[in-house]
Amino acid sequence: MKSRFFAAALAASAALYGGASYATDLEVTHWWTSGGEAAAVAEFAKAFDATGNHWVDGAIAGAGDTARPIMVSRITGGDPMAATQFNHGRQAEELIQAGLMRDLNDVAEKEHWKDVIRPASLLKGCTVDGKIYCIPVNIHSWQWLWLSNKAFADAGVPVPKNWDEFVAAAPALEKAGKIPLAVGKQSWQTAGAFNVLMVAIAGKEIFQKVYGDKDKAVAAGPDIAKVFKAADDARKMSAKSNVQDWNQATNLVITGEAGGQIMGDWAQGEFQVAKQVAGKDYTCLPGLGVHEVISTDGDSFYFPKLADAEKSKAQEVLASTMLSPKTQVAFNLKKGSLPVRGDVDLAAANDCMKKGLDILAKGNVVPATTELLTEDTNTQINDLFAEFFANPSMAPEDAQKRFVDIVASAQ
Ligand code: GAL
């Protein structure tokens with residue numbers, strides 16, 4: 001009697017885990033909760049479940065700024081998840097230094113990550129004292145202006161080809177009842193827009209001097225003053241943009257209520273979910289149509305040290321699954337980002353992704369701010385731009401002075 005019950009229970013659990021006999025549950029935390037992001041992360045879950053293990057989804061709503069402190073405090077507080085998203089670069093620096101994260105050297109060597117992952121800087125960003133602590137899963141870039149073709153048609157003006165034409169079209173858009181520029185109110189979005197304006201308007205050398213070399217004089221100089229002037233235009237153009245989340249702002253572009261949005265290539269996932277077609281329904285201008293330069297930003301997964309040997313083994317399976325050619329293509333096509341390996345077939349990439357690939361191939365790239373600056377400095381910049389966009393009486397010159405102080409004290 002007892003053994004029959006046991007057999008039935010075993011059969012039920014095998015059915016639950018798709019027939020695998022040793023399914024290991026791994027909780028994976030991330031902040032991918034918009035329509036496009038959820039579709040992309042579901043590809044990871046599907047691929048991991050197909051290995052006979054089980055992805056326990058730990059989505060945290062409210063974007064990275066909300067999610068990261070929760071992730072960090074779970075790890076430092078002794079309640080680690082099995083894997084977690086961070087952006088490429090310095091966000092996990094302190095956790096690694098504290099000895100809380102495991103390295104992936106064995107699997108990286110076995111699978112030749114150093115030969116496979118491109119550009120090489122991505123894996124460098126995961127490496128501390130010769131040990132590899134994360135797996136980069138995509139290359140994405142911030143430097144895009146997404147325009148609604150409908151909004152411009154309604155306003156009776158041509159779709160702009162660059163930032164200046166966009167600014168010039170703002171009065172016509174307003175007259176037609178549109179919000180010229182949709183910007184979500186979270187601080188990372190306003191700071192992100194400023195950083196994009198910096199690369200587009202001042203160029204990549206100035207960006208590198210300010211954020212790479214922390215050059216105070218350049219931050220205080222005329223090139224950055226021009227960027228603050230453009231940020232002032234962006235502030236005026238977005239005065240009626242009353243949304244919080246980035247994907248709500250993208251939705252204003254999708255419906256044609258707003259003319260455009262400055263946002264990373266993950267916005268593409270939203271256009272895809274809404275079945276919009278690049279070139280027909282919307283237009284994408286990399287580098288705001290001014291300097292076609294993109295950043296090699298992106299997401300990586302890190303793996304806290306776990307006491308459970310089985311889970312530790314499954315962490316390696318997860319890392320390897322995320323990098324497999326098939327998963328890389330499936331995930332990145334839904335996400336709107338680019339794979340971290342060059343040996344995959346991207347024939348299905350849409351027009352905007354192809355533009356991104358082309359710019360990448362030419363080497364017109366800048367590092368991510370998350371690689372150049374600490375989380376602390378990025379937070380100070382976020383705070384400054386949240387205030388600048390919320391307070392129309394803050395003069396661009398005053399904001400620039402505060403910016404110079406932040407750059408001067410950055411590590
Ligand atoms: C970034 C993340 C992107 C995208 C974006 C908006 O930090 O790297 O993949 O999801 O946030 O949530």
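Since this is a predicted model, take the numbers as computed values, not measurements.

Enquirer: Looking at this structure, I do not really get empty space enclosed by the protein. What am I missing?
Expert: Vacant regions in the atomic arrangement are exposed by a probe of water-molecule size rolled over the atoms. Overall, the coordinates contain three cavities of 30 Å³ or more when judged by the stated rule. A volume near 40 Å³ is recorded for the largest cavity. Along its surface, the largest cavity is lined by Ala 182, Val 183, Gly 184, Gln 189, Ala 193, Gln 261, Ile 262 and Met 263. For the lining of the largest cavity, the secondary structure elements donating two or more residues are helix H10 (187-202) and strand S9 (258-262). Here the residues of the lining of the largest cavity are counted per class, giving five nonpolar, three polar and no charged.

Enquirer: How do you make sense of the site of the ligand when you look at a structure like this?
Expert: All residues in the neighbourhood of the ligand are listed as Trp 31, Trp 32, Glu 37, Asn 87, His 140, Trp 188, Trp 246, Trp 266, Asp 299 and Lys 335. With respect to the ligand, the side chain of Trp 31 contributes an N or O atom lying 3.2 Å from an oxygen atom. Contact between the ligand and Trp 246: an oxygen atom at 3.4 Å from a side-chain N or O atom of the residue. Its residues placed into classes, the shell around the ligand shows five nonpolar, two polar and three charged. Of the domains in this structure, domain 1 (23-140 + 297-358) and domain 2 (144-295 + 365-408) are the two that each give at least three residues to the shell around the ligand.

Enquirer: What exactly am I supposed to notice about the packing of aromatic side chains here?
Expert: Aromatic rings in a pair are described by how distant their centres are and how their planes are angled relative to each other. Inspection of every chain in the model, using the stated rule, returns 24 aromatic pairs. Ring pairing ties together the aromatic residues Phe 194, Phe 207, Tyr 211, Phe 228, Phe 385, Phe 388, Phe 389 and Phe 403, which thus form one cluster. The positively charged end of Arg 68 is found above the aromatic ring belonging to Trp 31, 5.1 Å away from the centroid.

Enquirer: Can you walk me through unusual backbone geometry in this structure?
Expert: Excluding glycine, residues mostly have negative phi values, and the peptide bonds linking residues are mostly trans. Cis geometry marks the peptide bond from Arg 118 to Pro 119, where omega comes out at -10°. Position of Pro 119 among the secondary structure elements: in the loop between helix H6 (113-116) and helix H7 (120-126). One non-glycine residue, Leu 288, lies in the positive phi region at around 55°. Structurally, Leu 288 is set in the loop between strand S10 (282-286) and strand S11 (294-295).

Enquirer: Explain the layout of surface pockets here, please?
Expert: Within this model, the largest pocket holds a volume of roughly 900 Å³. Lining the largest pocket we find 44 residues, and of these Arg 68, Asn 87, Gln 91, Thr 370 and Glu 375 sit closest to its centre. Considering only residue class, the lining of the largest pocket consists of 17 nonpolar, 16 polar and eleven charged. Per-domain counts for the lining of the largest pocket show at least three residues from each of domain 1 (23-140 + 297-358) and domain 2 (144-295 + 365-408). As a volume, the second largest pocket reaches approximately 260 Å³. Lining the second largest pocket are 14 residues; nearest its centre among them are Lys 185, Arg 235, Ser 238, Phe 389 and Ala 390. Among the elements of the structure, helix H13 (222-237) and helix H20 (375-390) are those that each provide at least two residues to the lining of the second largest pocket. Grouping the constituent residues of the lining of the second largest pocket by class yields six nonpolar, four polar and four charged.

Enquirer: How do you make sense of helix H18 (residues 351-362) when you look at a structure like this?
Expert: Side chains three or four residues apart in an α-helix point the same way, a direct result of the helix having 3.6 residues per turn. Under the 1.5 Å per step criterion, the end-to-end length of H18 is 17 Å for twelve residues, consistent within 8% with the ideal 16 Å. Taken together, the buried positions of H18 are occupied by Cys 352, Met 353, Gly 356 and Ile 359. Down the axis of H18, the sector holding all buried residues measures 120°, keeping them to one side. Counted as exposed and oriented over 90 degrees from the buried face of H18: Ala 361 and Lys 362. Elements that come into contact with the buried residues of H18 comprise strand S7 (144-148), helix H15 (267-273), S10, S11 and helix H17 (325-335). Phi turns positive one or two residues past the end of H18, at Gly 363, with a value near 80°.

Enquirer: Got a minute to help me understand the sheet that holds strand S6 (residues 134-136) in this structure?
Expert: The pairing of strands in a sheet comes from backbone hydrogen bonds and takes either a parallel or an antiparallel form. Across the sheet, five strands lie side by side as S2-S1-S3-S12-S6; this open sheet has mixed pairing. Among the strands making up the open sheet, the edge pair consists of strand S2 (54-59) and S6. Within this sheet the neighbouring strands show an average axis-to-axis angle of 25°, counted without direction. Bridging between S6 and strand S12 (residues 299-302) involves three bridges; their strand directions are antiparallel. Considered in S12, the bridge of Ile 135 is made with Phe 301.

Enquirer: What is the right way to look at the side chain of Gln 189 in this model?
Expert: Mapped onto the secondary structure, Gln 189 falls in helix H10. Classification of Gln 189 as buried rests on a relative accessible area of 2%. Gln 189 has contacts with Val 183, Gly 184, Gln 244, Asp 245, Trp 246 and Met 263, leaving out every residue within four places of it along the chain.

Enquirer: Help me understand the pattern of salt bridges in this model?
Expert: Two side chains bearing opposite charge may form a pair once their charged atoms approach each other closely. Evaluation of the coordinates by the stated rule reveals 19 salt bridges. Where Lys 161 meets Glu 165, a salt bridge forms, and the shortest distance between an N and an O atom there is 3.7 Å. Classification of Lys 161 by relative accessible area gives exposed; the value is 58%. In this structure, Asp 233 engages Lys 229 in a salt bridge whose closest nitrogen and oxygen atoms are separated by 3.1 Å. Taken together, the positions of Asp 233 and Lys 229, both in helix H13 and four residues apart, correspond to about one turn of that helix. Residue classification places Asp 233 among the buried residues on the basis of a relative accessible area of 17%. You can call Lys 229 partly exposed: its relative accessible area is 47%. If you follow the salt bridges from partner to partner, you end up with Glu 27, Arg 74 and Asp 79 in one network.

Cut-offs applied
- Residues numbered from 1 in each chain as written.
- Predicted model: local features only at pLDDT ≥ 70, side-chain atom pairs only at ≥ 80, totals over all residues.
- Heavy atoms only, no water.
- 1 Å grid on protein atoms, 1.4 Å probe; cavity = no way out; pocket = protein on both sides within 12 Å on 5 of 7 lines; lining within 4 Å.
- Points joined across faces, edges and corners; volume = space filled by probe spheres on them.
- Helix = DSSP H or I, 4+ residues; strand = E, 2+ residues; numbered from the N terminus.
- Nonpolar A, V, L, I, M, F, W, Y, C, P; charged D, E, K, R; others polar.
- Near = heavy atom within 4 Å.
- Polar contact = N/O pair within 3.5 Å; in protein donor to acceptor, adjacent residues only side chain to side chain.
- Domains from an automatic or database assignment.
- Phe/Tyr/Trp six-rings, centres within 6.5 Å; stacked < 30°, edge-to-face > 60°.
- Lys NZ or Arg CZ within 6 Å of the ring centre and 35° of its normal.
- Expected span 1.5 Å × (residues − 1).
- Buried < 20%, exposed > 50% of the residue type's maximum accessible area, 1.4 Å probe, protein only.
- Arc of directions from axis to C-beta.
- Contact = heavy atoms within 4.5 Å.
- Pairing = 2+ DSSP bridges.
- Axes fitted to C-alpha atoms, helices over the stretch in contact; angles between N-to-C directions.
- Salt bridge = Lys/Arg side-chain N within 4 Å of Asp/Glu carboxyl O.

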